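Listed here are the chains, written in short residue letters.
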Amino acid sequence: MITFICGLCILFFGYLFYSKYTESQFEPDSRPTPANSINDGVDYVPLNKWKNMLIQLLNIAGLGPILGAIQGVLFGPVAFILIPLGCVFMGSVHDYFAGMISLRNKGLQIPALIKKYLGEKEYKIFMVIVCTMLIFVAAVFVYTSGDIIAGKFFNETDFSLANPLMIAIYGIIAAYYILATLFPIDKIIGKLYPYFGALLLIGTGLILVKFMLHGCSLENIDFSNLNQHPKHIPIIPMFFMTISCGLLSGFHSTQSTLISRTLDREKEGKNVFYGMMCVESLIGMIWAAAAMHVYDINIVPKAMIGTVNVVNIITTHFVPSFLAIIVTLAVVILPITSGDTALRSLRITLSDGLSLNQKPIANRLYLMLPIVFILIGIIFLAKTHSDSFAIIWRYFTFFNQLIAIPTFFYATLYLYQHKKNYYMTMIPGLFYVFITMSFIFNAKIGFGLNLYTAEIVGFILTVAGFIYLKNKMKKTTISKLAENNIKENAKI
């Protein structure tokens, strides 16, 4: 239990002090935010701080902080230290700068920011990657939330498309996604999310209360055996690919830029972006602790270990039956409230690329129609081919972490240009070059190299990433000097 408490302290004091330091490097001021200066009544709409905080939390917290925690804690108590450390020094920093740099650039989305700070070539590559990842998120969460609803509320065991109930459930979820994407953000998302957020916090809080009141024991970190995974899966890179939400998730950058269009004041960014990432990490820590406990007392069948079915066991074990519905609803809400904003982010990203005004609903429909057909196609493929969902999930995991890299890189250039501590984003960015490249060169969905060789390739590409950043900084300095010379000559 001491390791778990230490992890909570890292999270609490990390937010208390490092969030202030992170904020000091950006220096928010009183200038008008895009929500006020643009305000189109659709995507640019000022919302109060508490609404933005809850919307941001639900946007970023898909099934990741639960399913990722259930799988990640299999590595042992080391998870209780790595999750909060990763959150404080990487994940929250990533979310903060993604949101705040977007705020200073009229709410531009990730690909457009990559184009501005990194270049045209990088923009074209990551435009494809970001759009692919966002459509995967929506498809995966229609699939998973639909199956959870059918299993928990209808006791369904046939999850195939041959079952009319499944088609109806998927259709209702997809219809909600489309409406939430098309309507102004304050009409559906702004009204429902505060209630959904409260439900999520209450559901997770019930587990924590039972955990603390009944004195459940947890293992402490064993420095002689840090990695306790039953299948001996290596911590590097797999732990950092398994636990994304709660530690670091590239998907969050697409959601922070979404909320940059509804932020009323710049100084609210610390609570909305940095703070909500810490809350998500806390949720992940609680579910990881609950999972470790039910694993340790051997009430989880071997075949279910690390799967979403562990959620049912945790709920039954920790929460009285008359309150279990709250936890169940919280779990169902998580994928739904990330899937709808993934589609919204996809629409806005495409509109940025096409310079298409989103105030007329006809323009929103123009972008949404092809997205809907692609979404239906992916779900159909996943449901009719048994291995398709697993493949889609693995690629989503890779793309999810991959897009964190350019976000860290352009944040590094932004801080460098403003003569701030750019190492606070450069180091995490280079670390994730190593993690993602080691993973894809080792994984079966990638190049299938042995881990040692994959890590050598990952290290080489990390060095290449460092050289790339240094060259970008050098070009930035030369451009700045040339700009200053032009200004001086103009004065003469």
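What comes next concerns the included structure. None of these values were measured; they are calculated from a predicted model.

Secondary structure summary: the protein chain contains 19 helices and 0 strands in total. In terms of C-alpha radius of gyration, the protein chain reaches 22 Å, essentially the compact-globule figure of 23 Å for 492 residues. When its C-alpha atoms are laid out on the principal axes, the protein chain stretches across 80 × 55 × 45 Å. Taken over 492 residues, the protein chain has a buried fraction of 57%. Across the protein chain, contacts joining residues at least 24 apart in sequence account for 82% of those joining residues at least 6 apart. For the protein chain, the computed accessible surface area is about 20,300 Å², with 68% contributed by carbon and sulfur atoms.

Okay, helix α13 (residues 310-318) next. Helical geometry: 3.6 residues make up each α-helical turn, so side chains three or four residues apart lie on a common side. All of the buried residues along α13 are V310, V311, I313, I314, T315 and F318. Residues of α13 that are buried sit in contact with α4 (64-72), α9 (189-213), α12 (269-296) and α14 (324-354).

Right, let's get into the packing of helix α8 (residues 164-182) against α14. The geometry of α8 relative to α14 is characterised by a closest axis approach of 9 Å and an angle of 50° between their N-to-C directions. Classified by the interaxial angle, the pair formed by α8 and α14 is oblique. For the crossing formed where α8 meets α14, the hand is right-handed. Facing α8, whose interface residues are Y176, Y177, A180 and T181, α14 presents P335, I336, G339, D340, L343, R344 and R347. A per-class count over the contact of α8 with α14 returns 6 nonpolar, 2 polar and 3 charged.

The next point concerns the state of the cysteines. Under the counting rule described, the total for this entry stands at 0 disulfides. We note that C245 lacks a disulfide partner, and the nearest cysteine sulfur, in C87, lies 11 Å from it. On the basis of relative accessibility, which here comes to 9%, the residue C245 falls in the buried class. Cysteine C278 remains unbridged, with the sulfur of C87 as its closest cysteine sulfur at 3.9 Å.

In this section: the side chain of E280. Inspection of the secondary structure puts E280 in helix α12. It is K270 that comes nearest to the buried, bridge-free E280 among opposite-charge side chains, at 18 Å. Those residues within four positions of E280 in sequence are excluded, and the remaining contacts are L57, I60, A61, P65, C245, G246 and H252.

One can find W50 in helix α3 (residues 49-60). With relative accessibility at 59%, the residue W50 sits in the exposed group. In this structure the C-alpha to C-alpha distance between W50 and V272, which are 222 residues apart in sequence, comes to 8.3 Å.

What follows concerns the packing of aromatic side chains. Counted according to the given criterion, the structure contains 24 aromatic pairs. Note on Y117 and Y410: the rings are 5.9 Å apart at their centroids and 20° apart in plane angle, and the pair reads as stacked. Here the residue Y117 occupies a position in helix α6 (residues 110-117), and Y410 occupies one in helix α17 (residues 404-417), the gap between them amounting to 293 residues. Taken together, F26, Y96, F97, Y117, Y410 and Y414 form an aromatic cluster joined through their ring pairs.

Cut-offs applied
- Residues numbered from 1 in each chain as written.
- Predicted model: local features only at pLDDT ≥ 70, side-chain atom pairs only at ≥ 80, totals over all residues.
- Heavy atoms only, no water.
- Helix = DSSP H or I, 4+ residues; strand = E, 2+ residues; numbered from the N terminus.
- Rg over C-alpha atoms; globule rule 2.2 N^0.38 Å.
- Buried < 20%, exposed > 50% of the residue type's maximum accessible area, 1.4 Å probe, protein only.
- Contact = heavy atoms within 4.5 Å.
- Areas by Shrake-Rupley, 256 points an atom, 1.4 Å probe, with all protein chains shown as cover.
- Axes fitted to C-alpha atoms, helices over the stretch in contact; angles between N-to-C directions.
- Parallel < 35°, antiparallel > 145°, perpendicular 65-115°, else oblique.
- Left-handed = near helix turned anticlockwise from the far one by under 90°.
- Nonpolar A, V, L, I, M, F, W, Y, C, P; charged D, E, K, R; others polar.
- Disulfide = S-S within 2.5 Å.
- Lys, Arg positive; Asp, Glu negative; His and termini not counted.
- Salt bridge = Lys/Arg side-chain N within 4 Å of Asp/Glu carboxyl O.
- Phe/Tyr/Trp six-rings, centres within 6.5 Å; stacked < 30°, edge-to-face > 60°.

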